[in-house]
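Structural overview for review
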Amino acid sequence: MDEKQYAESLLPVDPQLEQVRTSIRDQQMHDISVPAGYGKLLTLLVRMTGAKAVLEIGALGGYSGICLARGLADGGRLTSLELREDYIQLAKNNVSRAGFGECVEYRAGEALESLKQLYAEGRRFDFFFIDADKGNYPNYLDWALKLALPGAVIAGDNAFMKGKVYQDQYEGNSVKAMRTFNQRMLNDERLEGVLLPAYDGLAVARVKAGS
Ligand code: SAH
Ligand code: MG
């Protein structure tokens, strides 16, 4: 057993979330949902920040969506952006089955388009979870900063890209983009951030008030 397995082994069984994984595999989809402990952390982060307007980029089958929705304060809402209509259908089913159908809104298509639209509609958010195409992470961060309420929290998954991000021989566009994202999460003057060497790397930052 290693640290990760030990930590995960202490988590109570969660039939609701297990069902989401089963539904993803049943569709012959690759289950790249966040691990259980990571999902729990998302719930806690949303709860601890008292977030009421959460934005997720990358829904897949709704696993992280349920975790985020669980942490919502009364009257809180999750808006989730997803490229594929079929994934949205699956996520909607799963989120509804988990009892959050009423507080989750999905937007289909390129996330960059949806972000532009949300901005134009005047929507603002106090929590962001970025977990879609890695090459766009710096763009997603730009949009998060534009859409952020003061003190908003931004979390980004897969900050290590399975180790590629800190190995020089990898020079693909998405690796480069992730390096830029991580650098900015920890060094942008408008942010106060940290990169946690847990799971596949979790970057978390808070948007400073007055940014
Ligand atoms: N957050 C999910 C996993 C997301 S996997 C969870 O942990 O449960 C990444 C998702 O991002 C996939 O569903 C993929 O279809 C979506 N995606 C990839 N590129 C995208 C884009 N350009 N715009 C919107 N969604 C995108
Ligand atoms: Mg991920």
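Computed from a prediction, not measured in an experiment: that's the story for all the values here. (Residues numbered from 1 in each chain as written. Chains lettered and ligands numbered in written order. Predicted model: local features only at pLDDT ≥ 70, side-chain atom pairs only at ≥ 80, totals over all residues. Heavy atoms only, no water.)

1. Observations concerning the pairing of strand β6 (residues 191–196)
Sheet topology places β6 next to strand β7 (residues 202–207); six bridges connect them, and they run antiparallel. Looking at β7, one finds that Glu 192 is bridged to Arg 206. Where β6 hands over to β7, the hairpin turn is made up of five residues, of which Tyr 199 adopts a positive phi near 50°. (Pairing = 2+ DSSP bridges. Helix = DSSP H or I, 4+ residues; strand = E, 2+ residues; numbered from the N terminus.)

2. A short note on the site of ligand 1
As a structural note, the neighbourhood of ligand 1 is formed by 20 residues, with Gly 58, Ser 64, Glu 82, Glu 110 and Asp 131 the closest of them. Between ligand 1 and the protein, one listed contact pairs a nitrogen atom with a backbone N or O atom of Ala 111 at 2.9 Å. Here ligand 1 has 580 Å² of accessible area as a free molecule, and 91% of this is covered by the chains. When atom positions are compared with the pocket grids, ligand 1 is found to occupy the largest pocket. Grouping the constituent residues of the shell around ligand 1 by class yields eleven nonpolar, four polar and five charged. (Near = heavy atom within 4 Å. Polar contact = N/O pair within 3.5 Å; in protein donor to acceptor, adjacent residues only side chain to side chain. Areas by Shrake-Rupley, 256 points an atom, 1.4 Å probe, with all protein chains shown as cover. 1 Å grid on protein atoms, 1.4 Å probe; cavity = no way out; pocket = protein on both sides within 12 Å on 5 of 7 lines; lining within 4 Å. Sits in = over half its atoms within 2 Å of the grid points. Nonpolar A, V, L, I, M, F, W, Y, C, P; charged D, E, K, R; others polar.)

3. Side note on the environment of Gly 109
Considering the arrangement of structural elements, one finds Gly 109 in the loop between β3 (104–108) and α6 (111–120). Taking C-alpha positions, Gly 109 is 31 Å from Glu 189, a pair spaced 80 residues apart along the chain.

4. Overview of the nonpolar core
Core analysis: the biggest nonpolar cluster contains 36 residues, and Val 54, Leu 68, Phe 100, Phe 127 and Phe 129 have the highest contact counts within it. Secondary structure elements with two or more residues in this core: α2 (15–26), α3 (36–49), α4 (63–70), α5 (85–97), β3, β4 (125–130), β5 (148–157) and β7. With near-sequence residues (within four places) excluded, Phe 100 lies in contact with Ile 66, Ala 69, Arg 70 and Val 95. With 33 residues, the next largest nonpolar core counts Leu 115, Phe 125, Met 161 and Ala 205 among its residues. (Core = buried A, V, L, I, M, F, W, Y, C linked by side-chain atoms within 4.5 Å. Buried < 20%, exposed > 50% of the residue type's maximum accessible area, 1.4 Å probe, protein only. Contact = heavy atoms within 4.5 Å.)

5. A few points about the pattern of salt bridges
Two side chains carrying opposite charge are able to pair once their charged atoms lie near each other. Counting across every chain of the model gives eleven salt bridges. Between Arg 21 and Asp 31 there is a salt bridge whose closest N-O contact spans 2.9 Å. Within this pair, whereas Arg 21 is found in helix α2, its partner Asp 31 is found in the loop between α2 and α3, the two being separated by ten residues in sequence. You can call Arg 21 buried: its relative accessible area is 12%. Ionic pairing is found between Arg 107 and Glu 121, a salt bridge with its closest N-O pair at 3.0 Å. Residue Arg 107 is located in strand β3, and its partner Glu 121 is located in the loop between α6 and β4; the two are separated by 14 residues in the primary sequence. Residues joined by salt bridges that share partners form a network here, namely Glu 105, Arg 107, Glu 121 and Arg 123. (Salt bridge = Lys/Arg side-chain N within 4 Å of Asp/Glu carboxyl O.)

6. Considering the layout of surface pockets
Over the atoms, a rolling probe the size of a water molecule traces out where space has been left empty. The volume enclosed by the largest pocket comes to roughly 800 Å³. Forming the walls of the largest pocket are 33 residues, and the residues nearest its centre are Ile 32, Asp 131, Ala 132, Lys 134 and Asn 158. Contributions of two or more residues to the lining of the largest pocket are made by α4 and β2 (77–82). Of the residues assigned to the lining of the largest pocket, the class counts are 16 nonpolar, six polar and eleven charged. Put simply, the second largest pocket is a space of about 380 Å³. Glu 8, Leu 11, Pro 12, Ala 36 and Tyr 63 are, among the 18 residues lining the second largest pocket, the residues nearest its centre. (Points joined across faces, edges and corners; volume = space filled by probe spheres on them.)

7. Concerning the side chain of Asp 188
Within the element layout of this structure, Asp 188 appears in the loop between α8 (173–187) and β6. There is a polar contact of 2.8 Å between the side chain of Asp 188 and the backbone nitrogen of Arg 190. Not counting chain neighbours up to four residues away, the residues in contact with Asp 188 comprise Leu 145 and Gln 183.

8. Topic: the packing of α2 against α4
Two numbers describe how α2 lies on α4: the axes approach to 9 Å, and their chain directions differ by 155°. By the criterion of interaxial angle, the relationship of α2 to α4 is roughly antiparallel. The way α2 lies across α4 gives a crossing that is right-handed. Residue-level inspection shows Gln 16, Leu 17, Val 20 and Arg 21 of α2 in contact with α4, the latter providing Tyr 63, Ile 66, Cys 67 and Arg 70. The residue inventory of the contact of α2 with α4, partitioned by class, reads five nonpolar, one polar and two charged. (Axes fitted to C-alpha atoms, helices over the stretch in contact; angles between N-to-C directions. Parallel < 35°, antiparallel > 145°, perpendicular 65-115°, else oblique. Left-handed = near helix turned anticlockwise from the far one by under 90°.)

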